[in-house]
Amino acid sequence: MTGGPLAGIRILEVGHILAGPYATMLLADLGAEVTKIEPPSGDLSRQVGDAYFASINRNKRSVRLDLTTEAGRARLGELVAESHALLVNLKPSAIRRLGLTYDVLRAWNERIVCVALTGFGLAAGDEPAFDYVVQAATGVAALTGDPEGPPTLPGYSSADNSAGMAAALGLLAQIVSGRGGQVEVSLRDVMLSQLNYKASAYLNEGAEPRRLPFGAHSYYVPAQLFPTAEGYLALFVTHDGFWRSFAAEAGVEGFPTMAERAARREEVLAAVTKALAADTALGWESRLRPLGVPAAAVRTLPQALEATPEMVVTAGDFRLVGSPIRIAGYEPAYGPPPRLGEHGDLPERS
C-alpha cells in the first residue's frame, strides 16, 4: 500500500482545542487530506502552546478564513464543493450562525458529510461542555476515586478524546454510505455509551454503581490495584484459569471459582494483598506475565513512553505519540502541524 487507506478523502475541520482536531488528526494519519479552517486569530489551542497544538494537529493544512464575512463564507463554499466531509467542533449556536450544517452546505455539495461535535447535541443549547464538566455530568467522576474520598477526574481529557474517536467513526460511516447528510456526536452521549455495562446493570437489574477501593472492578475479583513491597500492581483476574496460575505463583490457596471469589471478595483481597507484599510491582509483573496473567506495574507517563519507543514519532520539530491504528503495508508519514494560514489566507474584514 503506497498511500494511506484514506488517500483521496478530503476533510475540512472547523473548531478549537481538542475533540474535533483529535478526530481529524486520526484521519489525517490514515492518509486523508485535512484542512483546518481557522479564524483570523487561529485555533485557540495555538495559545495553549506549540507542543499542545502539535499533539492534535500534525499532518494537516491550515486555511485562514473569517467565516463572519461574505468572502469567507464564499470561500468555505468553494472548499465544501470539493470535499467529502466537514467536521465542526463549536457551540450549537455558532455552528448555525456560521452556516456549518448540511442544510446550508448542501447547496455547494449534495454529498458533503457534516459532522457536528458538541457537548450535548445540536438541539441542546450552549451549556458549557468542557471535558471535565461532561465527566461530572455523566457519572464518570462519581465512579472514580476512593469510596471514602471525593469524586475524582482522570488525569487526561477522556471525554474529548473519546468523542473525537466516535466523531471520526461517524464521519467515515456516512462517507461509506455514499450519501451526504448531518451527523451528530456529543461528548455527553459518548461518555454515557462508555458506561455500557454499568448502565445496563442499573437499567436492567437496579444495581446502582459504586466506587470500590483501589479502582476495583465491580464483577471480577481480584481485579484492581494492589500495593506491593515497592509500587502498585494492576492485577486483572477475569477467569478461573488466570486465578489458578496467579495463585500457584503467589502461594495463595482456595477460592477456586469466580463465583466464590466474588462472594468472598474481602477475604480474597486480604489474601492477595498479603501475598503481593513479598515482591515489588516490577517483580510481580516479570513473574506473572510469562504465565499469561494480566498484570502490570503502575508506571508514570515518562516510564511508559520509555518502555514503548516505537510509539514515539517525529513530526517536524516535535516528538509525539503516533497513530494507534496499524495497517499492514502502510506506514504513516508524520508531517508537522501547519502554520496559521499556511495553505491559504483570506484576510479578515478591513
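Residues numbered from 1 in each chain as written. Predicted model: local features only at pLDDT ≥ 70, side-chain atom pairs only at ≥ 80, totals over all residues. Heavy atoms only, no water.

**Some thoughts on the overall build of the protein chain**
Alright, step 1. For the protein chain, the count of helices and strands is 15 helices and 11 strands.
Alright, step 2. Over its C-alpha atoms, taken along the principal directions, the protein chain stretches across nearly 75 × 45 × 35 Å.
Alright, step 3. Out of the 350 residues in the protein chain, the part that is buried amounts to 44%.
Alright, step 4. Taking as baseline every contact in the protein chain between residues at least 6 positions apart, the subset at least 24 positions apart corresponds to 69%.
Alright, step 5. In the form shown here, the protein chain has an accessible surface area of approximately 17,600 Å², with 56% of it arising from carbon and sulfur atoms. (Helix = DSSP H or I, 4+ residues; strand = E, 2+ residues; numbered from the N terminus. Buried < 20%, exposed > 50% of the residue type's maximum accessible area, 1.4 Å probe, protein only. Contact = heavy atoms within 4.5 Å. Areas by Shrake-Rupley, 256 points an atom, 1.4 Å probe, with all protein chains shown as cover.)

**Concerning helix 13 (residues 265-276)**
Alright, step 1. An ideal rise of 1.5 Å per residue puts 16 Å on 12 residues; helix 13 measures up with 16 Å between its terminal C-alpha atoms.
Alright, step 2. Here helix 13 has its buried residues at Arg-265, Val-268, Leu-269, Val-272, Ala-275 and Leu-276. In an axial view of helix 13, the angular spread of the buried residues amounts to 130°, which keeps them on one side of the axis. Opposite the buried face of helix 13, at more than 90 degrees from it, the exposed residues are Glu-266 and Lys-274.
Alright, step 3. Elements that come into contact with the buried residues of helix 13 comprise strand 7 (223-227), strand 8 (232-236), helix 11 (240-250), helix 12 (258-263) and helix 14 (281-288). (Expected span 1.5 Å × (residues − 1). Arc of directions from axis to C-beta.)

**Description of the sheet that holds strand 8**
Alright, step 1. Here three strands make up an open sheet; going across it, the order is 7-8-9 and the pairing antiparallel. Edge positions in the sheet fall to strand 7 and strand 9 (295-297), since each of these pairs with one other strand and no more. This sheet shows a mean twist of 20° between the axes of neighbouring strands, independent of strand direction.
Alright, step 2. Note: strand 8 against strand 9, three bridges, orientation antiparallel. Note on strand 9: the bridge partner recorded for Leu-235 is Ala-295. (Pairing = 2+ DSSP bridges. Axes fitted to C-alpha atoms, helices over the stretch in contact; angles between N-to-C directions.)

**Let's talk about the sheet that holds strand 4 (residues 85-89)**
Alright, step 1. Within the open sheet, the six strands sit side by side as 3-2-1-4-5-6. Their pairing is parallel. This sheet does not close on itself; its edge strands, each paired only once, are strand 3 (60-64) and strand 6 (181-186). Strand-to-strand, the axes of this sheet are offset by a mean angle of 20°, without reference to chain direction.
Alright, step 2. Bridge count for strand 1 (residues 10-15) against strand 4 is five bridges, and the pairing is parallel. Across the sheet, Val-14 pairs through a bridge with Val-88, a residue of strand 4.

**Let's talk about the pairing of strand 3**
Alright, step 1. With four of its five residues buried, strand 3 lies for the most part within the structure.
Alright, step 2. Both strand 2 (residues 33-38) and strand 3 contribute to a ladder of five bridges, which runs parallel. Bridge pairing links Glu-38 to Arg-64 in strand 3.

**Re the domain arrangement of the protein chain**
Alright, step 1. Split by domain assignment, the protein chain resolves into domain 1 (10-194 + 311-321) and domain 2 (232-297).
Alright, step 2. Each of domain 1 and domain 2 has a C-alpha centre, and these two points are 42 Å apart. (Domains from an automatic or database assignment.)

**Regarding the environment of Arg-64**
Alright, step 1. Of note, Arg-64 is situated in strand 3.
Alright, step 2. A sequence separation of 47 residues divides Arg-64 from Arg-111, and the C-alpha atoms of the two residues are 24 Å apart.
Alright, step 3. Of note is the side chain of Arg-64, whose polar atom sits 3.2 Å from the backbone oxygen of Pro-40. (Polar contact = N/O pair within 3.5 Å; in protein donor to acceptor, adjacent residues only side chain to side chain.)

**Structural notes on the nonpolar core**
Alright, step 1. Counting residues in each nonpolar core, the largest one holds 29 residues, and the members touching the most others are Ile-11, Leu-27, Ala-32, Val-115, Leu-117, Ala-167 and Leu-171.
Alright, step 2. Counting only elements with at least two residues in this core, the list comes to helix 1 (19-29), strand 4, strand 5 (113-118), helix 8 (158-177), strand 6 and helix 9 (187-194).
Alright, step 3. With five residues, helix 8 is the largest single contributor of residues to this core.
Alright, step 4. Setting aside anything within four residues of it in sequence, one finds Ile-11 in contact with Thr-24, Leu-27, Ala-32, Glu-33, Val-34, Thr-35, Ala-85 and Leu-171.
Alright, step 5. Counting 23 residues, the second-largest nonpolar core is a separate cluster that includes Phe-226, Leu-233, Ala-247 and Val-252. (Core = buried A, V, L, I, M, F, W, Y, C linked by side-chain atoms within 4.5 Å.)

**Looking at the side chain of Glu-38**
Alright, step 1. By the element assignment, Glu-38 lies in strand 2.
Alright, step 2. Polar contacts involving the side chain of Glu-38 include one to the main-chain amide nitrogen of Asp-43, which spans 2.8 Å.
Alright, step 3. In this structure the side chain of Glu-38 is engaged in a polar contact, spanning 2.7 Å, whose partner is the side chain of Arg-46.
Alright, step 4. Once you skip the residues sitting within four places of it in the chain, Glu-38 turns out to touch Asp-43, Arg-46, Ser-62, Val-63, Arg-64, Leu-65 and Leu-340.

**Regarding the packing of aromatic side chains**
Alright, step 1. All told, the structure shown has five aromatic pairs when counted by the stated rule.
Alright, step 2. Centroid distance Tyr-197 to Tyr-219: 5.9 Å. Interplanar angle 45°. Geometry classified as tilted. Highlighted residues: Tyr-197 in helix 10 (residues 196-205) and Tyr-219 in the loop between helix 10 and strand 7, separated in sequence by 22 residues.
Alright, step 3. Take Tyr-197: its relative accessible area is 38%, and that puts it in the partly exposed class.
Alright, step 4. For the pair Phe-214 and Tyr-232, a centre-to-centre distance of 6.4 Å together with 35° between the ring planes defines the contact as tilted. Here Phe-214, found in the loop between helix 10 and strand 7, pairs with Tyr-232, found in strand 8; they are 18 residues apart in sequence, far enough to count as distant.
Alright, step 5. Overall, Phe-214 belongs to the partly exposed group, its relative accessible area being 39%. (Phe/Tyr/Trp six-rings, centres within 6.5 Å; stacked < 30°, edge-to-face > 60°.)

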